[in-house]
Amino acid sequence: MNHSNQVTQEFLDSAQYATASILRYEAVYGEDFVSPGGREITIELVGRMKLAPESRVLDVGCGLGGSAFVMARDFNLRVDGIDLSKNMLAIANEKLAAHGLSERINFKWGDCLELDRPGYYDAIYSRDVFLHIEDKTRLISALYASLRPGGQLLFTDYCCGKKPWSEPFSAYVDDRGYILHTLPDYAELISKAGFEQVEYQDITDRFISILQSDLNKIAALDLVDMDRANLEQSWRDKVVRAKSGDQRWGMFSAVKGS
Ligand SMILES: C[S@@+](CC[C@H](N)C(=O)[O-])C[C@H]1O[C@@H](n2cnc3c(N)ncnc32)[C@H](O)[C@@H]1O
């Protein structure tokens, strides 16, 4: 991270999203995904937006492109994906060519604080990305500016319970450099940016059940014992943090007024 605690490409690509880590996340979350629930929850969430075919969607922090592939193939949408990790985008672009979806999807390297198509998108979708962003007010204003009037915002993100947090949760958040909010505080930031129909749902129970079924997948992965033990432990730790109420998973939706 740089002085302002703003996440940088170097920080992401050398630590959490080093290529080996990305591939390990993908092995657990499912092909093309680096977020809980993989393809199944993506179909559900994209379906909630009820977008007309050919709508233009921005996938913020597109990762390996899993959501974009679902949106283009299953919902006939046009997608721009932006991500700050060069490692993610290198793999995403290989997958894009292999899936033959280049006509409908464009992946671009960049920071989601610096969006450059004002008023262009019918919807903005994002999965578990904004935890990396310190200046959420600036972020949400940038998203607002990129939507056309009437455009929709839908995202999931890691959130937190009220402080004080347990010592292990504080250490985890510090180590990752995450910037987390409670769900109501987050919703207030979204409203303050000008969004209407702001709704949110605490989906931590869903998070816990996904993590628990991921543990079965980890048991079946072709890993050396030490790697498996570490991966299992990190997933069990997430379950403990989520059950304690410190770590939460939020789903947010809002509309830019006409
Ligand atoms: C947990 S991964 C989720 C990836 C993808 N959304 C998915 O569901 O598979 C978080 C992603 O956010 C990206 N990211 C973090 N900070 C970013 C920023 N400032 N601008 C764009 N992308 C960012 C990371 O590089 C990473 O690909």
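A few points on the structure. (Residues numbered from 1 in each chain as written. Predicted model: local features only at pLDDT ≥ 70, side-chain atom pairs only at ≥ 80, totals over all residues. Heavy atoms only, no water.)

**Side note on the packing of aromatic side chains**
Under the counting rule described, the total for this entry stands at 17 aromatic pairs. Arranged with centres 6.3 Å apart and planes meeting at 55 degrees, the rings of tyrosine 17 and tyrosine 25 form a pair that is tilted. A relative accessible area of 12% places tyrosine 17 in the buried class. Centre to centre, the rings of tyrosine 25 and tyrosine 29 are 6.0 Å apart; their planes meet at 15 degrees, and the pair counts as stacked. You can see tyrosine 25 and its partner tyrosine 29 sitting in helix α2 (residues 19–29), four residues apart, about one turn around the helix. Taken individually, tyrosine 25 and tyrosine 29 each receive the classification buried, so the pair is uniform in this respect. The ring of tryptophan 165 carries lysine 163 above its face, with NZ or CZ at 4.5 Å from the centroid. Over the face of the ring belonging to tyrosine 172 we find arginine 241, whose NZ or CZ atom lies 3.4 Å from the ring centre. (Phe/Tyr/Trp six-rings, centres within 6.5 Å; stacked < 30°, edge-to-face > 60°. Buried < 20%, exposed > 50% of the residue type's maximum accessible area, 1.4 Å probe, protein only. Helix = DSSP H or I, 4+ residues; strand = E, 2+ residues; numbered from the N terminus. Lys NZ or Arg CZ within 6 Å of the ring centre and 35° of its normal.)

**Describing the side chain of aspartate 80**
Structurally, the position occupied by aspartate 80 is in strand β2 (residues 78–83). A relative accessible area of 13% places aspartate 80 in the buried class. For aspartate 80, the side chain forms a polar contact with the side chain of arginine 117, separated by 3.1 Å. A polar atom in the side chain of aspartate 80 sits 2.5 Å from the side chain of tyrosine 121. (Polar contact = N/O pair within 3.5 Å; in protein donor to acceptor, adjacent residues only side chain to side chain.)

**Some words on the packing of α2 against helix α10 (residues 225–244)**
Across the interface, α2 lies against α10 with an axial gap of 13 Å and an inter-helix angle of 65 degrees. With respect to their mutual orientation, α2 and α10 come out roughly perpendicular. Handedness of the α2/α10 crossing: right-handed. For the pair α2 and α10, contact is made by Arg24, Tyr25, Val28 and Tyr29 and by Asp227, Leu231, Trp235 and Lys238, respectively. Grouping the amino acids of the contact of α2 with α10 by side-chain chemistry returns five nonpolar, no polar and three charged. (Axes fitted to C-alpha atoms, helices over the stretch in contact; angles between N-to-C directions. Parallel < 35°, antiparallel > 145°, perpendicular 65-115°, else oblique. Left-handed = near helix turned anticlockwise from the far one by under 90°. Contact = heavy atoms within 4.5 Å. Nonpolar A, V, L, I, M, F, W, Y, C, P; charged D, E, K, R; others polar.)

**Quick notes on the pairing of strand β5 (residues 147–160)**
When you tally the buried positions in β5, you get 10 out of 14 residues, the bulk of the element. Summarising the sheet, strand β4 (residues 121–127) and β5 pair through six bridges and their orientation is parallel. Residue tyrosine 125 lies in a different strand from β5, and its bridge partner there is leucine 154. Note on the crossover from β4 through helix α6 (residues 136–146) to β5: the handedness is right-handed. Pairing of β5 with strand β7 (residues 247–255) involves nine bridges; the strand directions are antiparallel. Counterpart to leucine 154 in the pairing with β7 is serine 253. (Pairing = 2+ DSSP bridges. Right-handed = clockwise from strand over helix to strand, strands pointing away.)

**Some remarks on the site of the ligand**
Around the ligand there are 21 residues in total, and Val34, Ser35, Gly61, Asp83 and Cys112 lie nearest to it. Within the backbone of leucine 84, an N or O atom sits 3.2 Å from a nitrogen atom of the ligand. The contact in question runs from a nitrogen atom of the ligand to an N or O atom on the backbone of arginine 127, over 3.1 Å. Protein contacts shield 97% of the accessible area of the ligand, which totals 600 Å² for the unbound molecule. Here the shell around the ligand is composed, by residue class, of 11 nonpolar, six polar and four charged. (Near = heavy atom within 4 Å. Areas by Shrake-Rupley, 256 points an atom, 1.4 Å probe, with all protein chains shown as cover.)

**Side note on α6**
Buried within α6 we find Lys136, Leu139, Ile140, Ala142, Leu143 and Ser146. Buried positions in α6, seen along its axis, are confined to an arc of 155 degrees and lie on one side of it. Residues of α6 that are buried make contact with β1 (56–60), β4, β5 and α8 (183–192). (Arc of directions from axis to C-beta.)

**Quick word on the pattern of salt bridges**
Side-chain pairs of opposite charge can arise where the charged atoms are in close proximity. Under the defined criterion, the tally for this structure stands at 15 salt bridges. Residues arginine 206 and glutamate 44 are paired through a salt bridge, measuring 2.8 Å at the closest nitrogen-oxygen approach. In this pair, arginine 206 sits in helix α9 (residues 204–220) while glutamate 44 sits in helix α3 (residues 38–49), placing the two residues 162 residues apart along the sequence. The exposure class assigned to glutamate 44 is partly exposed, which follows from its relative accessible area of 39%. Salt-bridge contacts for arginine 104 lead to glutamate 54; the nearest nitrogen and oxygen are separated by 2.9 Å. With arginine 104 in the loop between α5 (86–99) and β3 (105–109) and glutamate 54 in the loop between α3 and β1, the pair connects residues that are 50 residues apart, well separated along the chain. Among the residues examined, arginine 104 registers a relative accessible area of 17% and is labelled buried. The network of salt bridges with common partners includes Glu26, Asp32 and Lys95. (Salt bridge = Lys/Arg side-chain N within 4 Å of Asp/Glu carboxyl O.)

Note that every value here comes from positions in space, so none of it alone points to a role or purpose.
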